Amino acid sequence: MWWDERVSARFQRNLQPTLTYWSVFFSFGLCIAFLGPTLLDLRCQTQSSLSQITWVFFSQQFCLLLGSCLGGVFKRTLAQSLFALFASSLAISLVFAIIPLCHNVVVLAVVMAVAGLAMGCIDTISNMQLVKIYQKDSAIFLQALHFFVGFGALLSPLIADPFLSDTNCILSNATANASSNLPHIRKSLVPHHPGNLSHYDLPMKGMVVTHVSYAFWIMALINLPVPIAVFFLLYKERMVPCFNSSSHPLLSADELAMETRPAEKDDLSTTVQRPQVARGHDDLFSCCQSKNFRGASYTYFAVHITGALVLFMTDGIVGEYSGFIYSYAVEEPLSVVHKVAGYLPSLFWGFITLGRLISIPVSYRMKPATMVFINVVGVLVTFLLLLIFSYSVVFLFVGTACLGLFLSSTFPSMLAYTEDILQYKGCATTVLVTGAGIGEMVLQLLVGSIIHDQGSYSFLVCGMIFGGLAFTFYAFLLFFHRMYPKPSSDMDAASPDKPAVMDDTGLYQR
């Protein structure tokens, strides 16, 4: 294997939980990307207007952010985390199965809100658990985790495509005129990012003709092995109530001893006296409690804030670029043919997925700080070149691919880097996940309103500004990293090389 024997042995010992967390993130990707291409058929199913149906996007995204904030509540023990992942992944399968039965737009919005909550919990808990297991070696496994998001996001539109209506799926007297706009509108509805559709008029009354239900049932079946995998992990850890109610570790005491460096001679009693190290990560509300701030230096807060701001900008760029690149391409001065412009969002997401796959081996040879630096500089340079060659259709495609590559590994690399700075004792995972989610929501709304007022050219200008801000915040993060106090020798028990804190029985605490 291309990594060293120590990491390989650690991966083999944690093979089942690692694969389980990866598969759960596949559910996340599967659920986040289906709504865009199927939204017109869902509009027909609910017999609602385009402006009404696009509120389904908001309900999903808002509850995803809420679920990310609340996800940390379920990480206090491994059992709580796994039960939350089991419930969340099972909820996604149930959502896929229930969507064809939703014939009212409000009911559909509620169902998608449930899906958003489940996705938010998956996002926070899976990241936290992988960081807990691998700690200093977590970068490579986080890259793989986020590859599965991209894989699921690519797969669900492909599953839905054969079942989408070629003509307007509500048959009425106005169908002939409305059907001519359908390809243009559908291409505007890229994965989970609707464009401005208020100027399109489609019939709301008539006979509904759509077969998109089959796509959702297929996705429900494809996702079903994921909660089964989480259940088997619960069973292996003897956490299923009908078998054993006690909590067992993912790593035995003997395996933990192998992970501990020989030079570390702190006794267990000294380790137990540091409960704040064992706590590790909390939900957003627990992180904000004043008792967690006692004795913390200003650099502790600065690392959290600047790291979240970098992801606020970079994840916001992902949202606004995938949401408006099609609209930008079809407008002047480029005036790209609608069918050709429709490939741009797919190209963007495809290279995000490819970049995450490439980042798996790269992250083992390169430090997370270096990868983030390359990413933010690459995003800034790409937007600069897109502005310079704003009249070139060819470079628009090249720039879209490059932007997807540079943005692909930013989140997992930043997460690994920030957690390493804080010696895995802060609330970095929760704060960063929340910051990224807020950025994806806020920047998309902001850019949409700016484009509406200032024209399509402002789309690239906004991207350039956001890229520059991401680079600036990252420079501040590097500065605060240098100022952050290094762990002293008497705090070796809190070293990121140690996977967790052991209690006086030698069992693995989560």
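Computed from a prediction, not measured in an experiment: that's the story for all the values here. (Residues numbered from 1 in each chain as written. Predicted model: local features only at pLDDT ≥ 70, side-chain atom pairs only at ≥ 80, totals over all residues. Heavy atoms only, no water.)

Engineer: What is the right way to read the packing of helix 6 (residues 78-98) against helix 11 (residues 212-223) from this model?
Structural biologist: What describes two packed helices is the angle between their axes and the distance between those same axes. The geometry of helix 6 relative to helix 11 is characterised by a closest axis approach of 7 Å and an angle of 160° between their N-to-C directions. Judged by the angle between their axes, helix 6 and helix 11 are roughly antiparallel. For the pair helix 6 and helix 11, the sense of crossing is left-handed. Facing S89, I92, S93, F96 and A97 of helix 6, the residues of helix 11 in contact are F216, W217, M219, A220 and N223. Among the residues forming the contact of helix 6 with helix 11, the class breakdown is seven nonpolar, three polar and no charged. (Axes fitted to C-alpha atoms, helices over the stretch in contact; angles between N-to-C directions. Helix = DSSP H or I, 4+ residues; strand = E, 2+ residues; numbered from the N terminus. Parallel < 35°, antiparallel > 145°, perpendicular 65-115°, else oblique. Left-handed = near helix turned anticlockwise from the far one by under 90°. Contact = heavy atoms within 4.5 Å. Nonpolar A, V, L, I, M, F, W, Y, C, P; charged D, E, K, R; others polar.)

Engineer: What exactly am I supposed to notice about the packing of aromatic side chains here?
Structural biologist: Pairs of aromatic rings are described using the distance from one ring centre to the other and the angle between the two planes. In the structure shown here, the tally under the stated rule is 23 aromatic pairs. Measuring from centroid to centroid gives 5.4 Å for F25 and F28, while their planes differ by 15°, and the two rings are stacked. Here the residue F25 and the residue F28 both occupy positions in helix 2 (residues 15-32), the gap between them amounting to three residues, near one helical turn. Given the relative accessible area of 1%, F25 is considered buried. Residue F28 is classed as buried on the basis of its relative accessible area, which comes to 7%. An angle of 15° between the planes, with centres 3.7 Å apart, marks the rings of Y134 and F141 as stacked. Judged by its relative accessible area of 0%, Y134 is buried. Classification of F141 as buried rests on a relative accessible area of 1%. Linked through ring pairs, F11, W22, F26, Y134, F141, F147, F148 and F151 together constitute an aromatic cluster. (Phe/Tyr/Trp six-rings, centres within 6.5 Å; stacked < 30°, edge-to-face > 60°. Buried < 20%, exposed > 50% of the residue type's maximum accessible area, 1.4 Å probe, protein only.)

Engineer: What am I meant to see in helix 21 (residues 393-408) here?
Structural biologist: Residues spaced three or four apart along an α-helix point in a common direction, a consequence of the helix completing one turn every 3.6 residues. For helix 21, which comprises 16 residues, the first-to-last C-alpha distance of 23 Å matches the rise-based estimate of 22 Å (1.5 Å per residue) to within 8%. Those residues of helix 21 that sit buried are F395, L396, G399, T400, A401, L403, G404, L407 and S408. The opening residue of helix 21, the one whose side-chain oxygen lies 3.1 Å from the backbone nitrogen of F395, is S392. (Expected span 1.5 Å × (residues − 1). Polar contact = N/O pair within 3.5 Å; in protein donor to acceptor, adjacent residues only side chain to side chain.)

Engineer: Would you mind going over a nonpolar patch on the surface with me for this structure?
Structural biologist: A cluster of nonpolar residues, L221, L224, I228, F231, F232 and Y235, forms a patch on the protein surface that exposes about 590 Å² of accessible area. Residue contributions to the nonpolar patch peak at four residues, all from helix 12 (residues 225-236). Relative to the helices and strands, I228 is located in helix 12. On the accessibility criterion, I228 (41% relative accessible area) is partly exposed. (Patch = residues over 30% accessible without salt bridge, like charges linked within 9 Å, V, L, I, M, F, W, Y side chains within 5 Å. Areas by Shrake-Rupley, 256 points an atom, 1.4 Å probe, with all protein chains shown as cover. Salt bridge = Lys/Arg side-chain N within 4 Å of Asp/Glu carboxyl O.)

Engineer: Help me understand the confidence of the model for the protein, please; the structure alone is not making it clear to me.
Structural biologist: Confidence along the protein averages 77 in pLDDT terms, with 75% of residues attaining 70 or more. Between residues 489-510, whose pLDDT stays under 50, and residues either more than four places distant or in other chains, the model counts 68 contacts. (pLDDT = per-residue confidence, 0-100.)

Engineer: Just checking my understanding: could you explain helix 24 (residues 458-483) for this structure?
Structural biologist: The terminal C-alpha atoms of helix 24, which comprises 26 residues, lie 37 Å apart, in line with the 38 Å expected from a rise of 1.5 Å per residue. Among the residues of helix 24, those classed as buried are S458, F459, L460, C462, G463, F466, G467, A470, F473, Y474, L477 and F480. For helix 24, the elements touching its buried residues are helix 17 (298-330), helix 20 (368-388), helix 22 (410-421) and helix 23 (428-454).

Engineer: Before we go on, may I ask you to explain the environment of I125 in this structure?
Structural biologist: Among the secondary structure elements, I125 is positioned in helix 7 (residues 105-134). Residues I125 and T430, spaced 305 residues apart in sequence, show a C-alpha to C-alpha distance of 9.0 Å. In contact with I125, not counting residues within four places along its chain, are G71, F74, S81, A84 and L85.

Engineer: So what exactly am I meant to see when it comes to unusual backbone geometry here?
Structural biologist: Cis geometry marks the peptide bond from E332 to P333, where omega comes out at 10°. Relative to the helices and strands, P333 is located in the loop between helix 17 and helix 18 (338-341). A positive phi is found at Q135, a non-glycine position, where the angle reads about 40°. Position of Q135 relative to the elements: it lies in the loop between helix 7 and helix 8 (138-160). One non-glycine residue, S335, lies in positive phi territory at about 50°. Given a relative accessible area of 41%, S335 falls into the partly exposed group.

Engineer: I tried to follow the environment of L78 on my own but got confused; where do I start?
Structural biologist: By secondary structure assignment, the location of L78 is in helix 6. By relative accessible area, which is 3% here, L78 ends up buried. Spatially, the C-alpha atom of L78 lies 9.1 Å from that of M239, the residues being 161 residues apart in sequence.

Engineer: Sorry, what's going on with the packing of helix 11 against helix 12 here?
Structural biologist: Where helix 11 contacts helix 12, the axes come no closer than 5 Å and their chain directions differ by 20°. Relative to helix 12, the element helix 11 lies roughly parallel. Together, L221, I222 and N223 of helix 11 and P225, V226 and P227 of helix 12 make up the contact between the two elements. When grouped by side-chain class, the residues that make up the contact of helix 11 with helix 12 number five nonpolar, one polar and no charged.

Engineer: How do you make sense of the pattern of salt bridges when you look at a structure like this?
Structural biologist: Should their charged atoms come close, side chains of opposite charge can pair. The final tally for this structure, using the stated rule, is one salt bridge. R10 is paired through a salt bridge with D137; the nearest N and O atoms lie 3.1 Å apart. Taken together, the positions of R10 in helix 1 (residues 5-13) and D137 in the loop between helix 7 and helix 8 put the pair 127 residues apart, joining distant regions of the chain. Judged on exposure class, the residue R10 and its partner D137 are both buried.

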